[in-house]
Amino acid sequence: MRVLITGATGLIGTEIVKKCHNNGIAVNYLTTSKSKKENTASYQGFYWNPSKAEIDVNCVKDVDVIIHLVGSSISKRWTEANKQVMISSRLETTALLHETVKNNPNNIKQIISASAIGYYPDSLTNYYTEEEKQISDSFLGKVVQEWEQAVDAFKTLNITVSKIRIGIVFSKKGGAFPQLAKPIKLGVGAAMGSGEQWMSWIHLKDLTNIFLHVLEHKLEGVYNGVAPNPVTNQAVTKAIARQLKMPLILPNIPKFAMKFVLGEMHTLLFESQRVCSKKIEKTGFEFEYVNLELALEELV
Ligand SMILES: NC(=O)c1ccc[n+]([C@@H]2O[C@H](COP(=O)([O-])OP(=O)(O)OC[C@H]3O[C@@H](n4cnc5c(N)ncnc54)[C@H](OP(=O)(O)O)[C@@H]3O)[C@@H](O)[C@H]2O)c1
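As the structure is a prediction and not an experimental result, all values here were calculated from the model.

Definitions and limits used
- Residues numbered from 1 in each chain as written.
- Predicted model: local features only at pLDDT ≥ 70, side-chain atom pairs only at ≥ 80, totals over all residues.
- Heavy atoms only, no water.
- Helix = DSSP H or I, 4+ residues; strand = E, 2+ residues; numbered from the N terminus.
- Rg over C-alpha atoms; globule rule 2.2 N^0.38 Å.
- Buried < 20%, exposed > 50% of the residue type's maximum accessible area, 1.4 Å probe, protein only.
- Lys, Arg positive; Asp, Glu negative; His and termini not counted.
- Charge placed at Lys NZ, Arg CZ, Asp CG, Glu CD.
- Disulfide = S-S within 2.5 Å.
- Arc of directions from axis to C-beta.
- Contact = heavy atoms within 4.5 Å.
- Salt bridge = Lys/Arg side-chain N within 4 Å of Asp/Glu carboxyl O.
- Near = heavy atom within 4 Å.
- Polar contact = N/O pair within 3.5 Å; in protein donor to acceptor, adjacent residues only side chain to side chain.
- Areas by Shrake-Rupley, 256 points an atom, 1.4 Å probe, with all protein chains shown as cover.
- Nonpolar A, V, L, I, M, F, W, Y, C, P; charged D, E, K, R; others polar.
- Axes fitted to C-alpha atoms, helices over the stretch in contact; angles between N-to-C directions.
- Parallel < 35°, antiparallel > 145°, perpendicular 65-115°, else oblique.

### Some remarks on the overall build of the protein chain
When you go through the protein chain residue by residue, the secondary structure sums to 10 helices and 13 strands. Relative to the 2.2 N^0.38 estimate, which gives 19 Å for 300 residues, the radius of gyration of the protein chain is 19 Å and therefore close to what a compact globule would have. Each principal axis of the C-alpha distribution contributes one length, and for the protein chain these read about 60 × 40 × 40 Å. Put simply, the protein chain has 300 residues, and 52% of those count as buried. Averaging the locations of the 34 positively and 29 negatively charged side chains of the protein chain gives two centres separated by 4 Å.

In structure tokens form, the structure reads like this:
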């Protein structure tokens, strides 16, 4: 089997590539950076420049499944220019990929795309399943909705569409976890606002396994990519401090202060989504990091 991965060089992509290779799956990948191109039988890089609609169409040759992860980071300051790149890096890439698959020979039967739990509205009380009809009216909610709709276009090519609504990925290698741990290590850690907002986290290893599980079992539709036990911001902060054996001496940081520092992006720290993992578990998926303490033992 051969998969084509977009965003293969990123945090999640790198782990998925490793897992594919461990399972004997060959990988083609698209990169915007010519210096990241490699060319071995099981790891073949292809250049693309989605903003100019440039793509090496050989990338789809002999490919059975696409894993679509590409997207500009949302942890950059939310200026109008950066917001535009956050949208276009998801929509333009999806459209270009669709055109390429439509017009060039390939064996593609499934696309598994990243999505995000930012789809769900901010709430302290709701418990979100994939059936949720309400969509967040925030900037992120809009991005995720348009991204999911763009991916649905692959259905017109008789390709199975699967979407993983990814939670807050915890890894030693990057993403949210090092950012959360850093101030605590320095002795200046504190929860955000009331600290009651839900954080639906997932260990990178479990998320990688979910992508491979959806591929192996040809699962269709939307699946939440979150651990079975979401926790509040206050609980995450306390648990990391406990694991690092650091005291928490500062009061919670008020929302207005973070808004002043981060601008609109501060919503990432204050939005609350309690998201359910039951649907993927019902397909036979077993989490290794079921609760935060287990994950933190590995991460710290
Ligand atoms: N990490 C999380 O906590 C999390 C949570 C929810 C959803 N997600 C979603 O999952 C996907 C993968 O996340 P990640 O953390 O692995 O991301 P990442 O580490 O930032 O990597 C994303 C990859 O996308 C490519 N890319 C970045 N900006 C681009 C642009 N403007 N145009 C085209 N390609 C661009 C880069 O590949 P090249 O340099 O090789 O081109 C990069 O390696 C993203 O779409 C993200 O939104 C992640």
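Moving on from the model shown.
### A word on the state of the cysteines
Under the defined criterion, the tally for this structure stands at 0 disulfides. No disulfide involves Cys20; its sulfur sits 16 Å from the nearest other cysteine sulfur, which is in Cys59. The class of Cys59 is buried, set by a relative accessible area of 0%.

### Things to note about helix H4 (residues 176-185)
Structural remark: α-helix, 3.6 residues per turn; residues separated by three or four positions point the same way. Listing the buried residues of H4 in full gives Phe177, Leu180, Ala181 and Ile184. For H4, the angular spread of buried residues about the axis comes to 90°, placing them on one side. The exposed set on the far side of H4, more than 90 degrees from its buried face, consists of Gln179 and Lys182. Lining the buried residues of H4 we find strand S9 (168-170), strand S10 (198-199), helix H6 (233-244) and helix H10 (292-299).

### Some thoughts on the pattern of salt bridges
Applying the stated criterion across every chain, the model contains 13 salt bridges. A salt bridge links Lys83 to Glu264; the nearest nitrogen and oxygen atoms lie 2.8 Å apart. In this pair, Lys83 sits in helix H2 (residues 80-103) while Glu264 sits in the loop between helix H7 (255-262) and helix H8 (267-270), placing the two residues 181 residues apart along the sequence. On the basis of relative accessibility, which here comes to 12%, the residue Lys83 falls in the buried class. Taking the relative accessible area as the measure of exposure, Glu264 reaches 35% and is therefore partly exposed. One network of salt bridges, with partners in common, ties together Glu148, Asp152, Lys155, Lys163 and Arg165.

### A word on the site of the ligand
Taken together, 22 residues sit near the ligand, with Thr9, Thr31, Thr32, Lys36 and Arg90 positioned nearest. Take Thr31: an N or O atom from its side chain is 2.6 Å from an oxygen atom of the ligand. Burial of the ligand by the surrounding chains reaches 77%, relative to a free accessible area of 900 Å². For the shell around the ligand, the secondary-structure elements that each account for two or more residues are helix H1 (11-22), H2 and strand S7 (110-116). Of the residues belonging to the shell around the ligand, the class tally is 10 nonpolar, 10 polar and 2 charged.

### Things to note about the packing of H2 against helix H3 (residues 139-152)
Packing of H2 against H3 brings their axes to within 9 Å, and their N-to-C directions diverge by 10°. In terms of orientation, H2 and H3 fall into the roughly parallel class. Along the contact surface, H2 presents Lys83, Met86, Ile87, Arg90, Leu91 and Thr94, while H3 presents Phe139, Lys142, Val143, Glu146, Trp147, Ala150 and Val151.

### Regarding the environment of Thr100
For Thr100, the position within the fold is in helix H2. On the basis of relative accessibility, which here comes to 3%, the residue Thr100 falls in the buried class. Separated by 10 residues in sequence, Thr100 and Gln110 place their C-alpha atoms 15 Å apart. Ignoring any residue separated from it by four or fewer positions in sequence, one finds Thr100 in contact with Ile55, Val57, Cys59 and Val60.

On their own, these measurements won't tell you what the molecule is for.
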